[in-house]
Amino acid sequence: MRGNLSTSDVTLRRSAKRVLLPLKDRVARYGATAVVRGRHGLHSLSPSASARNRTTAALRKAKLEEPLRRCRVALTYGKPRRVPVNSLLMGGENAVPGARYAEMTNDPLRTSRPFCEGPHVALLRDFGSTPPKQIPDEVLLDSAYGRNAQRCLAATGNYFDADDPSDIPRLVRRVLQSDGAVPSYARVERPISASSEALPVLVRRVVSSDLYQVVDGNHRLARAVWCGDTDVEVRVHRRKTRTAAQERLRDMTWLRGSSELYQPVPLPELADWPLVRRCENRFQMMTQFLGDDTSLTYLDMASFFGWFVARMRERGHPAFGVELDPLAVEFGNLVYSIPGDAVAV
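These numbers come from a predicted model, not from an experiment.

The rules behind these values
- Residues numbered from 1 in each chain as written.
- Predicted model: local features only at pLDDT ≥ 70, side-chain atom pairs only at ≥ 80, totals over all residues.
- Heavy atoms only, no water.
- Patch = residues over 30% accessible without salt bridge, like charges linked within 9 Å, V, L, I, M, F, W, Y side chains within 5 Å.
- Areas by Shrake-Rupley, 256 points an atom, 1.4 Å probe, with all protein chains shown as cover.
- Salt bridge = Lys/Arg side-chain N within 4 Å of Asp/Glu carboxyl O.
- Helix = DSSP H or I, 4+ residues; strand = E, 2+ residues; numbered from the N terminus.
- Pairing = 2+ DSSP bridges.
- Contact = heavy atoms within 4.5 Å.
- Axes fitted to C-alpha atoms, helices over the stretch in contact; angles between N-to-C directions.
- Phe/Tyr/Trp six-rings, centres within 6.5 Å; stacked < 30°, edge-to-face > 60°.
- Lys NZ or Arg CZ within 6 Å of the ring centre and 35° of its normal.
- Buried < 20%, exposed > 50% of the residue type's maximum accessible area, 1.4 Å probe, protein only.
- Parallel < 35°, antiparallel > 145°, perpendicular 65-115°, else oblique.
- Left-handed = near helix turned anticlockwise from the far one by under 90°.

A cluster of nonpolar residues, L299, M301, F320 and V322, forms a patch on the protein surface that exposes about 360 Å² of accessible area. For the nonpolar patch, the secondary structure elements donating two or more residues are strand 6 (298-301) and strand 7 (319-322). Secondary-structure assignment places L299 in strand 6.

Shown next, in the form of structure tokens:
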């Protein structure tokens, strides 16, 4: 029937649809789009890392750096406690909060990754028993730690005292040397922006979960994991924090800031969030109805994150979705690895 409509009729229908769309939904959609654009703008922002390092160098020279850090820790963090290493998630770098750093580096799932699977532990696992001078520069740059350092340098202007990618291999060797990976090497001077070994490891509790986000002490924690420790001593910030994924969920139209999920999301900090829809049961009924036939195309209207689209694609169907909230589409593409053109907004 649509093929018989004139161009003016189609235009009139589209205009009527825009007018009849509820005002609150239109406002929510435009607001969500603005959040997406604003988040993308964060990628070009950078804190003044060079100014912060100059201040740190001056305080260290005056022997005030460590006392001031101890005072800050005493005021904002609780007493020491031991926590399991598998309860720790990755945080930010260069004193940038985790969620903000994840958006700056265009890696929204960074703060959802277990610390044990991060680049700091990988460095010691890969090279902890190798003399640093025997490792080629290109190998260090291409390692998980080297790539992490390059992302930090691009986002904030430096990684410790390295301000150029060519200087990263020197820094990595110094990290290996100072971590005692090679006992015959002498200890080296602590780089600017690196916290003292005498200070505690700092973390923040992640809201609505039993997990913690690392704030400071990445290399000390990595050494503990590499040595086989199952728990570590930390000090926990008095205020909780959110991961980048939780921040994105809070911005979504349909959730309206609530800590609940409409579709399953395989992220550790969301494990305790209630699932308000029985997606697995629905998917099981759908697959029972379809049997072994995977030739049919699947279209999910109001697909939200796109969980059903992803599951149908795994089953072998050409699967697509349509969703009002662009934040939900972007989030689903991340967590389910859905192609960018599979769900339309």
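This brings us to the sheet that holds strand 2 (residues 88-89). Judged by pairing direction, the sheet is mixed, and its five strands sit side by side in the order 1-5-3-4-2 without closing on themselves. Sheet topology places strand 1 (81-84) and strand 2 at the edges, where each strand pairs with a single neighbour. Pairing of strand 3 (residues 201-205) with strand 4 (residues 212-216), which is carried by four bridges, proceeds in the antiparallel orientation. Directly across from V203, in strand 4, lies its bridge partner V214. In the packing of helix 10 (residues 218-226) onto the sheet, the strands contacted are strand 2, strand 3, strand 4 and strand 5 (231-236), and the crossing angle to strand 4 comes to about 120°.

Once that is clear, we can look at the packing of helix 6 (residues 119-127) against helix 8 (residues 144-156). At a closest axis distance of 8 Å, the pairing of helix 6 and helix 8 adopts a crossing angle of 145°. Listed contacts from helix 8 to P119, H120, A122 and L123 of helix 6 are A144, Y145 and N148.

Scanning the model with the defined rule gives seven aromatic pairs in all. Taken together, the ring pairs connect Y262, F304, F305 and F331 into an aromatic cluster. Residue placement shows R311 over the ring face of F283; its charged tip is 4.3 Å from the ring centre.

All right, on to the sheet that holds strand 6 then. On the basis of which strands lie adjacent, the open sheet formed by three strands has the order 6-7-8 and parallel pairing. A single partner strand is all that each edge strand has here, and the edge strands are strand 6 and strand 8 (343-344). Two elements, strand 6 and strand 7, share four bridges in a ladder whose sense is parallel. By the bridge assignment for strand 7, M301 is matched with V322.

The buried fraction of strand 4 is high, at four of five residues. The pairing of strand 2 with strand 4 spans two bridges and is parallel. In the strand pairing of strand 4, L89 is matched with Q213. The hairpin formed by strand 3 and strand 4 contains six residues between the paired strands, and S208 there has a positive phi angle of roughly 55°.

Here the focus is helix 6. The element helix 6 is largely enclosed, with a buried count of seven among its nine residues. By the burial criterion, the buried members of helix 6 are P119, H120, V121, A122, L123, L124 and F127.

Inspection of the entire model under this criterion finds 13 salt bridges. When the shortest N-O distance is used, the salt bridge between D142 and R147 registers 3.9 Å. Here D142 falls in the exposed class, since its relative accessible area comes to 54%. A residue is classified by how much of its surface remains accessible, and R147, at 39% relative accessible area, is partly exposed.

Bringing the side chain of S303 into the picture now. The topology assignment puts S303 in the loop between strand 6 and helix 13 (307-315). A relative accessible area of 0% places S303 in the buried class.

It is the contact of helix 6 with helix 10, at a shortest axis distance of 8 Å, that shows an interaxial angle of 50°. Taken together, the axes of helix 6 and helix 10 lie oblique to each other. When you trace helix 6 past helix 10, the crossing you get is right-handed. Only N218, H219, A222, R223, V225 and W226 of helix 10 make contact with helix 6, whose side of the interface consists of H120, V121, L124 and R125.

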